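Here's the letter readout for the chains.
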Amino acid sequence: MVEVTFRVRAVTDPGQIVCVVGNNKTLGQWNPRCAVSLSQEANDLWSCCITLDLKEDILYRYMVCHGRESHQNSHTMQVIRWEANIKPRILSSKDYAEETRKFASGTAVFGEYEKTDNIVNNGWLMNHTEIHLELRDNPIQMLSSRHQQQTYRVKCTPLDYTHSNDIKNGHDADDEEPVHATSSQSVISVASLKDGQCRPYAQPECGEMFLKDDFLIFTTQTTDPENLGFQLDFYVHYEDKPAKHMGYSYILPVDTSTTKSSKVIPISSLSHKPIGKIKVSYFVAKPVPDLTMLMDVSYQSYWGKDAKSVDVGHRGLGSSYKHKKLAAVRENTIASLQSAGSHGADYVEFDVMLSKDMVPVIFHDFHVCITYRKKKKEHQLLKLGVKDLSVSELQSMKLADKTAIGDEEHDIDGEDLDHIHHQPFPTLQECYQLVDEKIGFNVEVKFPQQKMDGELEDEHFWDRNEYVDIVLRNTFECARGRKIIFSSFDPETCLLLRLKQNRYPVLFLTNGGAKCYLPYSDVREQSMPMAIHFAQFADILGIDVCTEVLCTRPENIQETKAAGLVLFCWGEDSNNSDTIRRLRDQGVDGIIYDRWIVHKLTSENVFELSLDSSPISMPPK
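About the cut-offs
- Residues numbered from 1 in each chain as written.
- Predicted model: local features only at pLDDT ≥ 70, side-chain atom pairs only at ≥ 80, totals over all residues.
- Heavy atoms only, no water.
- Helix = DSSP H or I, 4+ residues; strand = E, 2+ residues; numbered from the N terminus.
- Buried < 20%, exposed > 50% of the residue type's maximum accessible area, 1.4 Å probe, protein only.
- Contact = heavy atoms within 4.5 Å.
- Pairing = 2+ DSSP bridges.
- Axes fitted to C-alpha atoms, helices over the stretch in contact; angles between N-to-C directions.
- Parallel < 35°, antiparallel > 145°, perpendicular 65-115°, else oblique.
- Left-handed = near helix turned anticlockwise from the far one by under 90°.
- Nonpolar A, V, L, I, M, F, W, Y, C, P; charged D, E, K, R; others polar.
- Arc of directions from axis to C-beta.
- Salt bridge = Lys/Arg side-chain N within 4 Å of Asp/Glu carboxyl O.
- Phe/Tyr/Trp six-rings, centres within 6.5 Å; stacked < 30°, edge-to-face > 60°.
- Core = buried A, V, L, I, M, F, W, Y, C linked by side-chain atoms within 4.5 Å.

1. A closer look at the overall build of the protein chain
Next, step 1: Within the protein chain, the secondary structure is distributed over 12 helices and 33 strands.
Next, step 2: Relative to its full complement of 621 residues, the protein chain shows a buried share of 54%.
Next, step 3: Considering only residue pairs separated by 6 or more positions, the protein chain has 70% of its internal contacts joining residues 24 or more positions apart.

Below is the structure:
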């Protein structure tokens with residue numbers, strides 16, 4: 001047993017402390033709730049002495065936390081940022097003399113490793129709820145023409161409504177003035193989805209300026225979301241003199257039972273007269289209940305900086321329904337995923353959503369088409385939602401492609417496909433268990449979007465928090481050592497996939513700028529610049545774009561790279577060997593395409609070829 005001194009320099013804010021977590025019981029077995037707190041020696045110097053058994057190497061990381069002074073109140077703990085290099089710090093058993101009973105690790109600098117790329121990740125939701133208030137789609141409407149012509153700054157202040165309904169001094173709360181106490185436990189940051197302002201930062205004294213078509217986001221975390229309200233203060237912005245306070249709005253605690261909603265609230269002048277209204281959209285992210293995230297490794301901010309682009313099998317071996325040159329094996333099946341891997345796919349991309357009994361299943365469309373015959377033996381189609389059918393119902397039906405009715409050449413859904421590996425609707429768990437573990441998974445989490453023409457891809461869908469929780473639980477229980485990337489077209493789903501876990505990277509899918517697809521109504525999906533800004537705000541690995549926008553404007557590739565993001569692409573234009581080769585040469589990190597037997601020249605998988613398949617770190621963001 002050796003007395004080890006851990007010492008690190010780390011800049012912290014008031015209420016934050018530094019902890020160390022590692023691979024043995026004393027250091028918490030990588031569980032942040034059981035980490036050891038360091039004491040503050042000076043402004044930015046933290047240290048502690050721990051007795052450890054150094055018969056084996058000690059692996060460890062430093063992290064900055066909030067709300068944790070002892071193990072007894074770990075229920076309030078939140079990791080703010082942590083050292084996330086693939087390889088942790090090491091205290092080697094060979095680095096001390098056997099007769100020595102004390103060992104000092106030296107004074108480290110938080111986030112700095114010798115001779116490595118230094119990665120510090122933001123934390124994830126453990127006990128807190130994260131709330132975003134969004135000002136988007138020009139939400140401010142003033143009544144007077146004079147006010148309509150002015151430019152405003154907006155500041156958000158958290159309010160604690162915990163005691164607003166208490167009975168005090170023997171009087172009903174209804175008889176008393178409302179309580180608008182500023183919350184000391186919640187800190188507001190702000191970001192705007194435009195160049196230089198995407199990453200959350202502290203609010204200016206008079207708030208952030210809001211211009212036409214801006215997308216402004218106020219962010220905070222709290223352990224008591226049911227009692228957290230907000231005050232918005234409005235200031236008139238002047239170029240040549242200080243901003244002038246001219247009005248305010250109150251937002252009562254938001255409904256935390258739904259992930260995303262909006263409300264319209266009045267704007268009052270300083271004399272309490274109505275002068276306008278504002279539409280505020282809000283987003284609520286909750287931690288996954290009873291799912292502990294360990295800190296032994298994280299791939300969220302890592303990618304092969306010098307590696308060649310990876311090949312990703314679209315729905316496995318390729319689309320088998322809607323293209324002229326169809327895959328020989330039905331898409332999104334165990335057989336298709338495994339076959340793509342055996343032909344050299346580094347990753348296979350597939351789509352996941354929940355069945356009626358809340359089981360993650362693999363299928364692309366939100367609806368299925370079932371054929372049936374009327375009395376005159378005419379084929380008819382019955383359209384049903386995947387979410388409205390149980391797993392057993394989905395796996396027992398015979399599917400029809402609505403584009404293939406009456407076309408025998410495209411009918412691959414014959415009665416002879418009885419083997420479970422060829423059947424549609426495998427569960428996510430079955431994919432993790434039955435597909436070779438060396439094949440990486442690009443798991444697209446489906447969520448219906450509204451298109452520009454007003455069409456909604458599906459209605460009455462699952463709440464996002466509950467939906468993502470189930471997918472993540474399934475993954476952490478079954479994925480083992482598999483390389484996994486999550487992706488989604490839905491911005492809020494991407495946010496949840498990032499905020500709820502600390503291990504797997506996330507890509508934001510977008511068809512923005514592609515003429516071959518009707519764009520979605522969400523402004524974040526309508527262009528490459530907005531997709532880049534959102535990915536930076538969400539602190540995710542990168543974006544996954546339609547190949548058409550890279551072919552028509554190759555500058556998009558370097559602009560994405562300059563933003564520190566990983567770039568994947570997908571679409572019909574990817575199904576060409578020359579295009580694939582050109583995209584690789586231009587630095588695209590991952591290419592998703594069909595017809596593997598035609599386009600992949602070798603059957604080797606990048607994870608088989610590499611002696612150390614751990615990705616290399618991206619440059620610090």
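Next comes the rest of the account.
2. Notes on the pairing of strand 23 (residues 310-314)
Next, step 1: Most of strand 23 sits out of view: five of its five residues are buried.
Next, step 2: Side chains Val310, Val312 and His314 of strand 23 all project onto a buried face; the interleaved residues Asp311 and Gly313 project onto the opposite face, where all are buried too.
Next, step 3: Note that strand 23 and strand 33 (residues 590-593) share four bridges and pair parallel. Note that in strand 33 the partner of Asp311 across the bridge is Ile591.
Next, step 4: As judged from the three bridges shared by strand 23 and strand 24 (residues 347-354), these two strands associate in the parallel manner. Looking across to strand 24, one finds that His314 is bridged to Glu349.

3. What about the packing of helix 5 (residues 464-478) against helix 6 (residues 491-499)?
Next, step 1: Packing of helix 5 against helix 6 leaves a shortest axis separation of 10 Å and a crossing angle of 50°. Classified by the angle their axes make, helix 5 and helix 6 are oblique. Like other packed secondary-structure pairs, helix 5 and helix 6 cross with a definite hand, here right-handed. Residue-level inspection shows Arg464, Asn465, Val468 and Leu472 of helix 5 in contact with helix 6, the latter providing Glu492, Thr493, Leu496 and Leu497.
Next, step 2: Here the contact of helix 5 with helix 6 is composed, by residue class, of four nonpolar, two polar and two charged.

4. Quick notes on helix 9 (residues 555-562)
Every α-helix carries 3.6 residues per turn, so stepping three or four residues along brings you back to the same face.
Next, step 1: Along helix 9, the residues classified as buried are Asn556, Ile557 and Thr560. Down the axis of helix 9, the sector holding all buried residues measures 105°, keeping them to one side. With respect to the buried face of helix 9, the exposed residues turned more than 90 degrees away are Gln558 and Ala562.
Next, step 2: The inward-facing, buried residues of helix 9 abut helix 7 (528-538), strand 31 (542-546), helix 8 (547-552), strand 32 (566-570) and helix 10 (577-585).
Next, step 3: At the exit of helix 9 stands Gly564, carrying a positive phi of roughly 80°.

5. Things to note about the pattern of salt bridges
A pair can form between side chains of opposite charge whenever their charged atoms are brought close.
Next, step 1: In the structure shown here, the tally under the stated rule is 26 salt bridges.
Next, step 2: One salt bridge connects Lys387 with Asp458, and the closest N-O pair in it is separated by 3.4 Å. Of this pair, Lys387 sits in the loop between strand 27 (379-385) and helix 3 (391-396) while Asp458 sits in the loop between strand 28 (440-445) and helix 5, placing them 71 residues apart in sequence. In terms of burial, Lys387 and Asp458 fall into one category: buried.
Next, step 3: Here Asp522 ties to Arg524 by a salt bridge, and the two come within 2.8 Å at their closest N and O atoms. We note that Asp522, like Arg524, is buried.
Next, step 4: Each member of the salt-bridge network shares a partner with another, and the members are Glu134, Arg136, Asp137, Lys260, Glu492, Asp522 and Arg524.

6. Some remarks on the environment of Phe537
Next, step 1: With respect to the element layout, Phe537 can be found in helix 7.
Next, step 2: A residue is classified by how much of its surface remains accessible, and Phe537, at 7% relative accessible area, is buried.
Next, step 3: Residues Phe537 and Lys194, spaced 343 residues apart in sequence, show a C-alpha to C-alpha distance of 9.8 Å.
Next, step 4: Leaving out residues up to four positions away in the same chain, Phe537 has contacts with His132, Ala191, Leu193, Cys198, Pro200, Ile217, Thr219 and Leu495.

7. Examining the side chain of Asp589
Next, step 1: Structurally, Asp589 can be placed in the loop between helix 10 and strand 33.
Next, step 2: Owing to a relative accessible area of 7%, Asp589 belongs among the buried residues under this scheme.
Next, step 3: Contacts of Asp589, omitting those with residues within four sequence positions, involve Trp303, Ser309, Val310, Lys561, Leu565, Val566, Leu567 and Phe568.

8. Thoughts on the packing of aromatic side chains
Ring pairs (aromatic) are described by centroid distance and by the angle formed between their planes.
Next, step 1: Taken as a whole and judged by the stated rule, the model has 19 aromatic pairs.
Next, step 2: Each ring, one from Trp82 and one from Trp124, has its centre 5.8 Å from the other, and the planes form 70°; the classification is edge-to-face. With a gap of 42 residues between them, Trp82 in strand 7 (residues 78-83) and Trp124 in the loop between strand 10 (120-122) and strand 11 (129-135) connect regions that are remote in the sequence. Both residues of the pair, Trp82 and Trp124, belong to the buried class.
Next, step 3: Taken together, Phe366, Phe447, Phe461 and Tyr467 form an aromatic cluster joined through their ring pairs.

9. Here we look at the nonpolar core
If you look at soluble globular proteins, the nonpolar side chains tend to sit buried side by side.
Next, step 1: Ranked by size, the top nonpolar core spans 142 residues in total, and within it Phe6, Tyr62, Met63, Phe486 and Leu550 carry the most contacts.
Next, step 2: By residue number, the principal contributor to this core is helix 7, which donates eight residues.
Next, step 3: With residues up to four places along the chain from it excluded, the contact list for Leu550 reads Met528, Val545, Asn556, Ile557, Leu567, Cys569, Leu583 and Val588.
Next, step 4: The next biggest cluster of nonpolar side chains, apart from the first, holds 27 residues, and it includes Val154, Leu232, Ile265 and Val280.

10. Focus: unusual backbone geometry
Next, step 1: Even without glycine at this site, Trp30 takes up a positive phi of about 70°.
Next, step 2: For Trp30, the position within the fold is in the loop between strand 2 (16-22) and strand 3 (36-37).
Next, step 3: Residue class for Trp30 comes out buried when judged on its relative accessible area of 9%.

11. Some details on the pairing of strand 20 (residues 244-251)
Next, step 1: Of the pairings in the sheet, the one linking strand 19 (residues 228-236) to strand 20 comprises seven bridges and is antiparallel in character. Bridging across to strand 20, Asp233 finds its partner in Tyr248.
Next, step 2: Pairing analysis gives two bridges linking strand 20 to strand 21 (residues 260-269), with the strands arranged antiparallel. By the bridge assignment, Tyr248 is partnered in strand 21 with Ser268.

The analysis is restricted to geometry; functional conclusions fall outside its scope.
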